[in-house]
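Summary of structural features
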Amino acid sequence: MTSPTQVALDTSALMMPVELDVRLFDELDRVLDGYELMAPQAVIEELRRLSEKGGREGTAANVGHDLATERCLVVDTDASYADDALVELAREGVVDYVVTNDRPLGDRVLEARVPVIALRGRNKLAITQP
């Protein structure tokens, strides 16, 4: 029996439902067959900090934080910076995909030979292979 596909979400991905009106989980269901979601502790912390700002970004971060704690396995990494934590998971082969809307992070994940799932068009996700 093979283990399910491991998918890590970054801060921008978890904020997409509010900021960009993306149906994140419906879109992941569309592009992947069966998966488990995870988020590094550093992403949870970043969302918590952003949620304190208020406004639209704060609301998006607050919703993202709730989604992450309800739907993702929260994992510890050596990195305290969210992007570094995701790259660490990619380099160590812990994840099969990283979901991000952050181009520089996506490039770093692709360099680690892990596919990136990102927004294409207005509200559809697409997979970019390394």
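Residues numbered from 1 in each chain as written. Predicted model: local features only at pLDDT ≥ 70, side-chain atom pairs only at ≥ 80, totals over all residues. Heavy atoms only, no water.

Low-confidence regions, as indicated by low pLDDT, have predicted coordinates that should not be scrutinised in detail. Averaged over all residues, the pLDDT of the protein chain equals 95, while 98% of them reach at least 70. Here helix α4 (residues 55-71) is the element of the protein chain with the lowest mean pLDDT, 95, and strand β4 (residues 97-99) is the one with the highest, 98. (pLDDT = per-residue confidence, 0-100. Helix = DSSP H or I, 4+ residues; strand = E, 2+ residues; numbered from the N terminus.)

Counted residue by residue, strand β1 (residues 5-9) has four buried out of five residues, so it is predominantly covered. Judged from the four bridges that link them, β1 and strand β2 (residues 35-40) form a sheet pairing that is parallel. Paired with Gln6 across the two strands is Glu36, which belongs to β2. Pairing of β1 with β4, which is carried by three bridges, proceeds in the parallel orientation. Residue Ala8 lies in a different strand from β4, and its bridge partner there is Val98. (Buried < 20%, exposed > 50% of the residue type's maximum accessible area, 1.4 Å probe, protein only. Pairing = 2+ DSSP bridges.)

Soluble globular proteins tend to pack their nonpolar side chains together in the buried interior. Formed by 47 residues in total, the largest nonpolar core has its most connected members in Val7, Leu9, Leu28, Leu37, Val95, Val99 and Val109. Ignoring anything within four residues of it in the chain, the contact list for Val99 reads Val7, Ala8, Leu9, Asp10, Ala13, Met16, Leu24, Leu28 and Ile117. (Core = buried A, V, L, I, M, F, W, Y, C linked by side-chain atoms within 4.5 Å. Contact = heavy atoms within 4.5 Å.)

This paragraph deals with the sheet that holds β2. Strand order in the open sheet formed by six strands is β3-β2-β1-β4-β5-β6, with mixed pairing between adjacent strands. With one partner strand each, in any of the chains shown, β3 (73-75) and β6 (124-128) form the two edges of the open sheet. Sheet twist, expressed as the mean angle between neighbouring strand axes with direction ignored, is 35°. For strand β5 (residues 116-120) and β6, the ladder comprises five bridges, and the chain directions are antiparallel. Directly across from Val116, in β6, lies its bridge partner Thr128. (Axes fitted to C-alpha atoms, helices over the stretch in contact; angles between N-to-C directions.)

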